[in-house]
Every structure is written in structure tokens, then in C-alpha cells.
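Below are the chains, spelled out letter by letter.
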Amino acid sequence: DGFRGVFDGYRWPMRTVTTALGLMLVLATIVRVGVKQVNQAASVFLGVVIFSVVSSLVGCVLLASGGPRGDLAKDDRNVLQGGFGKARYRKDDATNITPDFRFLLSVFYPSVTGIMAGSNRSGVLASASQSIPTGTLAAIAVTTTLYLVVVWLFGLSIDRDVLYDEEGVVALVAWPSVPLVKAGIVCSTIG
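Residues numbered from 1 in each chain as written. Predicted model: local features only at pLDDT ≥ 70, side-chain atom pairs only at ≥ 80, totals over all residues. Heavy atoms only, no water.

Trainee: Explain the overall build of the protein chain residue by residue, including any values.
Mentor: Counting its regular elements, the protein chain contains nine helices and zero strands. N-terminal to C-terminal, the α/β element order of the protein chain is α-α-α-α-α-α-α-α-α. Pairs at least 24 residues apart make up 68% of the contacts formed inside the protein chain by residues separated by at least 6 positions. For the protein chain, the accessible area works out to roughly 13600 Å², and carbon and sulfur atoms hold 66% of it. (Helix = DSSP H or I, 4+ residues; strand = E, 2+ residues; numbered from the N terminus. Contact = heavy atoms within 4.5 Å. Areas by Shrake-Rupley, 256 points an atom, 1.4 Å probe, with all protein chains shown as cover.)

Trainee: Could you give an account of the side chain of Ser55, with specific residues and numbers?
Mentor: Along the polypeptide, Ser55 turns up in helix 4 (residues 42-65). What makes Ser55 buried here is its relative accessible area of 2%. Ignoring any residue separated from it by four or fewer positions in sequence, one finds Ser55 in contact with Ala174, Trp175, Pro176, Ser177 and Val181. (Buried < 20%, exposed > 50% of the residue type's maximum accessible area, 1.4 Å probe, protein only.)

Trainee: Report on a nonpolar patch on the surface, specifying residues and quantitative values.
Mentor: Together, Leu46, Ile50, Val54, Val58 and Trp175 make up a nonpolar patch on the protein surface, roughly 430 Å² of accessible area in all. Inspection of the secondary structure assignment puts Val58 in helix 4. Relative accessible area serves as the criterion here: at 34%, Val58 is assigned to the partly exposed category. (Patch = residues over 30% accessible without salt bridge, like charges linked within 9 Å, V, L, I, M, F, W, Y side chains within 5 Å. Salt bridge = Lys/Arg side-chain N within 4 Å of Asp/Glu carboxyl O.)

Trainee: I'd like to hear about helix 2 (residues 14-33), residue by residue, with values.
Mentor: Since one α-helical turn is 3.6 residues long, residues separated by three or four positions face the same way. For helix 2, with 20 residues, the first-to-last C-alpha span of 28 Å sits near the 28 Å given by 1.5 Å per residue. In the stretch just after helix 2, Gly34 is the one whose phi turns positive, near 120°. (Expected span 1.5 Å × (residues − 1).)

Trainee: Tell me about the nonpolar core, residues and numbers included.
Mentor: Membership of the largest hydrophobic core is limited to nine residues, which are Leu57, Cys60, Leu63, Leu153, Phe154, Ile158, Val162, Val169 and Val173. At the level of secondary structure, the elements contributing two or more residues to this core comprise helix 4 and helix 6 (128-157). Core analysis: the next-biggest nonpolar cluster, separate from the first, contains seven residues, Ile30, Phe45, Val48 and Val49 among them. (Core = buried A, V, L, I, M, F, W, Y, C linked by side-chain atoms within 4.5 Å.)

Trainee: How would you summarise the confidence of the model for the protein chain if you had to cite specific residues and measurements?
Mentor: The predicted coordinates should not be examined in detail at positions where pLDDT is low. Per-residue pLDDT for the protein chain has a mean of 75; in total, 73% of the residues score no lower than 70. Element-level mean pLDDT values for the protein chain span from 53 in helix 1 (residues 4-7) up to 85 in helix 4. (pLDDT = per-residue confidence, 0-100.)

Trainee: Account for the packing of helix 4 against helix 6, with residues named and values stated.
Mentor: One way to put it is that helix 4 packs onto helix 6 with a least axis distance of 9 Å and a crossing angle of 25°. Judged by the angle between their axes, helix 4 and helix 6 are roughly parallel. Helix 6 is crossed by helix 4, and the crossing has left-handed handedness. Touching Val53, Ser56, Leu57, Cys60, Val61, Leu63 and Ala64 of helix 4 are Leu146, Val149, Val150, Leu153, Phe154 and Ser157, all from helix 6. Partitioning the contact of helix 4 with helix 6 into residue classes produces eleven nonpolar, two polar and no charged. (Axes fitted to C-alpha atoms, helices over the stretch in contact; angles between N-to-C directions. Parallel < 35°, antiparallel > 145°, perpendicular 65-115°, else oblique. Left-handed = near helix turned anticlockwise from the far one by under 90°. Nonpolar A, V, L, I, M, F, W, Y, C, P; charged D, E, K, R; others polar.)

Trainee: Which residues make up the packing of helix 2 against helix 9 (residues 178-190), and what values go with them?
Mentor: Here helix 2 crosses helix 9 at 45°, and the two axes come no closer than 12 Å. When the axis of helix 2 is compared with that of helix 9, the two are oblique. As helix 2 runs across helix 9, the sense of the crossing is right-handed. Only Lys182, Val186 and Ile190 of helix 9 make contact with helix 2, whose side of the interface consists of Arg15, Leu23, Val26, Leu27 and Ile30. Taken together, the residues that form the contact of helix 2 with helix 9 break down as six nonpolar, no polar and two charged.

Written as C-alpha cells, this is what we have:
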């Protein structure tokens, strides 16, 4: 009943449906293979994710400086032009929702709670009682810093309308490889 308004009259694009089905197939394969093998591949997934984050940040800096950029045009830049001041939330045309602080907090919240999934892998630690609290606090510090840097850097260097209207702007700004950033997004959900 709560999802009725989400699906009424909405036609899902074929690419979205195909991508979702493909990801479900990948996840079903992972479950079939087993979590142990996924944990062994976690280092590869982490490497792809780190590369994609660095690629997006470098692309954002290059876009701001006028250098080589990903799939965004030079007109999509916004280097310190009216980026400060009172928050100017606007209603999303597709959902008819105006974001507020609680809405934006819900975007940040998973970065803190998702870290607890690492505690489930504590069986491989030599001293879990010491490593889990330290690792959890370090992971929270790293993700919070990364969130703040990404918001600050993207907000200062990419035009507001582009940030609002472009889906997947993190991948679009990436340099040198847009597809690898998209792979990093998928790897971050698997690993």
C-alpha cells in the first residue's frame, strides 16, 4: 500500500529493467558461489572502488581547472560562482518532493551504518575485540571525510543545474575512465 504511489502510471525504461535484472543475476551468482569467495575478492572490489573515487575527484578538479574532463562540457563548470549562502532546495519534478535536512541525512546515514557490515567479517581478525572498534571508527572517519570532500568539491566546481539534473554525475565527471567508475559503483555494493 505504501508503494502504490511510486509505481502508478510510471513506465520503467528498458535499460533500467535490464540493468536491474543483470545485477540480480550477478548477486544470485554470488550467493550461489558463497560469501567466502566474495570475501576473497573483496580486495579487487576495493581497488576498483578506490580507483573510481579518485577518478571522479580528479575529473572534478580537471573540470574546474579547464583541463581534460569526462563526459561533461566546459559550460557545466561552476567555479565558486554563487555556491555559498542559504540552501536553495527545489522541488523534484519527477517525485514532487522538496528535499530538506532529514532527506539529505538519509543519504548520509547508510555510509555510517553500512560500515557495521565489516563487523560480520570479524572471524578472520586476530584480535577482534580490539580491531572492530578501531576499524569501525576509522571507517566512519574516512567515509565522513570523503562525503564532505565530495560534496564540497562537486558543489564548488560543477554547475548547480548539472548536479541537479544529470543522473550519475559522479561517473560523467570522471577522468580517465567513465565506465570504470560505473563498475566501481557496482563493486561497492558487492564487496
